[in-house]
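A closer look at the structure
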Amino acid sequence: MPVVMDADRIGRTLTRIAHEIVERNKGTDDLALVGVRTRGVPIARRIARTLREITGQDVPTGSLDITLYRDDTMRHAVGAQPLVRKTDIQFSIDNRKILLVDDVLYTGRTTRAALDALIDYGRPKAIQLIVLVDRGHRELPIKADYVGKNLPTAPEEIVQVRLLEIDGEDEVVVETGGGA
Amino acid sequence: MSTTSQELDQKQAVTALRRKDLLGIAELSPQEIELVLDTAEAMKEVGTRPIKKVPALRGKTVVNLFYEPSTRTRTSFEIAEKRLSADTLNIAIGTSSVVKGETLADTALNLEAMSPDMIVLRHASSGACHFLSRVCRSAIINAGDGMHEHPTQALLDAFTIRERKKRLAGLKIAIVGDLLHSRVLRSNIHLLTKLGADVWVCGPPTLIPADIRRFGVTATSVVEEAVRDADVIMLLRIQLERMEGAYFPSLREYFRVFGMTEERMLMARPDVMIMHPGPMNRGVEIASEVADGPYSVILDQVANGVAVRMAVLYLLAGGVEHEEAA
């Protein structure tokens, strides 16, 4: 079970992404962070914290549950319905630049669902995608704007992002399909 | 009830609504009930968005088959179905072939030949939904069957109580009214006792079913006893249409002895919730000033009904015949 990112590396990576956000958007005006549940949410909050340290400005942060927008529910092969959790976006996304945050970018289907979900809340000026890990194997024409780490993987491998807030520790590991 | 996402992850691992139909509360486990209520919280948020619609049931067809008059329940199911993007059709019995003598099974099988995914059934006969679930491949959702059960009403009642009180366990809940004919009562007794509430039921002796204590509730005909220190008072409608005999002298007499007046309400806890599944008979089971007063959550119940029905529709749409989700 090789560890590909440890706590220090995750911390430095998110700091670097925060700087890229400020550079690319020339500040943080009109920006808002939206984390995709579950692990995109703490990542979004950490980036918001770093952005405040850099610019002294608060960036509104919300969380998005995409379960009701997935393209694989209702298909009998998938199993019982996944648990639906609450979306919590306490600000208007109209005319803002939304930074959509997820832990792993893989097929792109989660991002597709997140884009559909987000657009039901209004009409953002732009949506940019932040991922901690891009593991390749896209099935849709989707590309991240900020990537923590490009990680070439085989389809049968599993990329696990563990975060302090949810899992009690910070690390990214790759597991091989049939057990390590 | 503050649940972290970690707890929710664990909950997800142990629970899912693995059944084809929702026929009653009796067969649900406390975990399944909590799952519906938790899911309904997320569904309630959908109703607050500028675009109150999600694609979860896109391509699914839901038939609302109502053999009894209904405004609230039918409308509530229809809105819930539409918010989940299902295609819906309503069959009102007065204008259908039922008036030409078609049986329930024949009507259902003919509908089923057009491949709906779910049938929401309201019927005057107890057990009609169980019968249909054996005949039909579609998921059956009980929207009230005779004097048996009305599961989505009990779920929305529980959701409304939990939203205010943050729990159900240990609450004193007084249910006052026509106990004999009420399917809402039966579903509520099952649900509230499963989740640990202290349930008191009250009505004229002629309207208390003989074996009611078997269900773990306290029965009384003294309304003051039932409402004293209650956290929740739930009124039930006097169902004149189901009464074949004289169960009490007059409606005025009923109101005098059992009607929920402000005076009686003040015997309950200061933060009491007043509930009624509707339709209300003002001046019979409930005084207007109580129904419209600050303790009344009757319209919250109606609002929450949509979220709870969305949760039930969504959870049942997953079906049963498959293994654990990845």
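1. Comments concerning the overall build of chain B
Broken down by element type, chain B carries 12 helices and 9 strands. Relative to the globule expectation of 20 Å for 326 residues, the C-alpha radius of gyration of chain B, 20 Å, shows essentially globular dimensions. In chain B, which comprises 326 residues, the proportion classed as buried is 56%. For chain B, the exposed area adds up to about 13,500 Å²; of that, 54% sits on carbon and sulfur atoms. A distance of 2 Å separates the average location of the 38 positive side-chain charges in chain B from that of its 41 negative side-chain charges.

2. Here we look at the sheet that holds strand β8 (residues 171-175) of chain A
Residues and elements named next belong to chain A. Across the sheet, 3 strands lie side by side as β1-β8-β7; this open sheet has antiparallel pairing. This sheet does not close on itself; its edge strands, each paired only once, are β1 (3-5) and β7 (158-162). Pairs of neighbouring strands in the sheet enclose a mean axial angle of 30°, with direction left out of account. In the sheet, β1 pairs with β8 via 2 bridges, with the strands oriented antiparallel. In the strand pairing of β8, Val3 is matched with Val173.

3. Comments concerning unusual backbone geometry
A:Arg37 connects to A:Thr38 through a cis peptide bond whose omega is 5°. Within the secondary structure, A:Thr38 is located in the loop between β2 (31-36) and α2 (40-55). B:Gly278 connects to B:Pro279 through a cis peptide bond whose omega is -10°. By the secondary structure assignment, B:Pro279 is in the loop between β9 (273-275) and α11 (288-291). Phi at A:Asp30 is positive, roughly 65°, even though this residue is not glycine. Take A:Asp30: it is sitting in the loop between α1 (7-25) and β2. A relative accessible area of 41% places A:Asp30 in the partly exposed class.

4. With respect to helix α2 (residues 30-46) of chain B
Residues and elements named next belong to chain B. For α2, which comprises 17 residues, the first-to-last C-alpha distance of 25 Å matches the rise-based estimate of 24 Å (1.5 Å per residue) to within 8%. For α2, the buried fraction is high: 12 of the 17 residues fall into the buried class. The complete set of buried residues in α2 reads Glu32, Ile33, Leu35, Val36, Leu37, Asp38, Thr39, Ala40, Ala42, Met43, Glu45 and Val46.

5. Remarks on the pattern of salt bridges
Taken as a whole and assessed by the stated rule, the structure comprises 31 salt bridges over all chains. Between A:Lys125 and A:Asp30 there is a salt bridge, and its shortest N-O distance comes to 3.4 Å. Of the two residues, A:Lys125 sits in the loop between α3 (109-119) and β5 (126-134) while A:Asp30 sits in the loop between α1 and β2, which places them 95 residues apart along the sequence. B:Arg49 is the partner of B:Glu45 in a salt bridge, and the nearest nitrogen-oxygen pair spans 2.9 Å. Note on B:Glu45: relative accessible area 11%, which makes it buried. Taking relative accessible area as the criterion, B:Arg49 reaches 4% and is therefore assigned buried. In this structure, a network of salt bridges that share partners links the residues B:Glu34, B:Asp38, B:Glu41 and B:Arg162.

6. Focus on the nonpolar core
One finds A:Leu64, B:Leu155, B:Ile161, B:Leu192 and B:Val201 to be the most contacted residues of the largest nonpolar core, which totals 91 residues. Here this core takes 11 residues from helix α12 (residues 298-317) of chain B, the largest share from any one element. With near-sequence residues (within four places) excluded, B:Leu192 lies in contact with B:Ile161, B:Leu168, B:Ile173, B:Ile175, B:Ala197, B:Val199 and B:Met234. By size, the runner-up hydrophobic cluster in this structure holds 28 residues, among which are A:Ile21, A:Ala48, A:Ile130 and A:Val159.

7. A few points about the pairing of β5(A)
Residues and elements named next belong to chain A. The element β5 is extensively covered by neighbouring structure, given that 7 of its 9 residues are classed as buried. Note on the crossover from strand β4 (residues 97-105) through α3 to β5: the handedness is right-handed. Here 4 bridges tie β5 to strand β6 (residues 146-150), and the two strands are oriented parallel to one another. Bridge assignment links Val133 to a residue of β6, and that residue is Lys149.

8. Quick word on the side chain of B:Asn304
Residue and element names in this part refer to chain B. Topologically, Asn304 is positioned in helix α12. What makes Asn304 buried here is its relative accessible area of 1%. Residues contacting Asn304, with those up to four places away along its chain left out, are Lys44, Leu156, Phe159, Thr160 and Glu163.

9. Some details on the sheet that holds strand β4 (residues 139-145) of chain B
Residues and elements named next belong to chain B. The sheet built from 4 strands is open, its strands ordered β2-β1-β3-β4 with parallel pairing. Of all strands in the sheet, those bounded by a partner on one side alone are β2 (87-92) and β4. Between one strand and the next, the sheet's axes are offset by a mean angle of 15°, whatever the strand orientation. With 5 bridges connecting them, strand β3 (residues 118-123) and β4 associate as parallel partners. Residue pairing across strands places His123 opposite Asp145, the latter belonging to β4. Strand contacts of helix α3 (residues 72-83): β1 (61-66), β2, β3 and β4, with the helix running at about 180° to β1, the strand carrying the most contacts.

10. Quick word on the state of the cysteines
Residue and element names in this part refer to chain B. Applying the stated rule across the entire model yields 0 disulfides over all chains. Free cysteine Cys136: the closest other cysteine sulfur is in Cys129, separated by 11 Å. Assessed through its relative accessible area of 5%, Cys136 is described here as buried.

11. A few points about the confidence of the model for chain B
All names here are of chain B. Here chain B shows a mean pLDDT of 90. Residues at 70 or above account for 92%. This stretch, residues 1-14, has a pLDDT under 50; its non-local contacts, to residues over four places away or in other chains, come to 18 contacts. In this model, residues 321-326 is a region of pLDDT below 50 whose contacts with residues beyond four sequence positions or in other chains number 13 contacts. In the model output, the complex is listed with pTM 0.88 alongside ipTM 0.81.

12. Focus on the environment of A:Ala48
Residues and elements named next belong to chain A. Note that Ala48 resides in helix α2. Ala48 gets classed as buried once you look at its relative accessible area, which sits at 11%. For the pair formed by Ala48 and Ser92, sequence separation is 44 residues and the distance between their alpha carbons is 17 Å. When residues no more than four places from it in sequence are discounted, the contact partners of Ala48 are Leu33, Val59 and Thr61.

So, how was this worked out
- Residues numbered from 1 in each chain as written.
- Chains lettered and ligands numbered in written order.
- Predicted model: local features only at pLDDT ≥ 70, side-chain atom pairs only at ≥ 80, totals over all residues.
- Heavy atoms only, no water.
- Helix = DSSP H or I, 4+ residues; strand = E, 2+ residues; numbered from the N terminus.
- Rg over C-alpha atoms; globule rule 2.2 N^0.38 Å.
- Buried < 20%, exposed > 50% of the residue type's maximum accessible area, 1.4 Å probe, protein only.
- Areas by Shrake-Rupley, 256 points an atom, 1.4 Å probe, with all protein chains shown as cover.
- Lys, Arg positive; Asp, Glu negative; His and termini not counted.
- Charge placed at Lys NZ, Arg CZ, Asp CG, Glu CD.
- Pairing = 2+ DSSP bridges.
- Axes fitted to C-alpha atoms, helices over the stretch in contact; angles between N-to-C directions.
- Expected span 1.5 Å × (residues − 1).
- Salt bridge = Lys/Arg side-chain N within 4 Å of Asp/Glu carboxyl O.
- Core = buried A, V, L, I, M, F, W, Y, C linked by side-chain atoms within 4.5 Å.
- Contact = heavy atoms within 4.5 Å.
- Right-handed = clockwise from strand over helix to strand, strands pointing away.
- Disulfide = S-S within 2.5 Å.
- pLDDT = per-residue confidence, 0-100.

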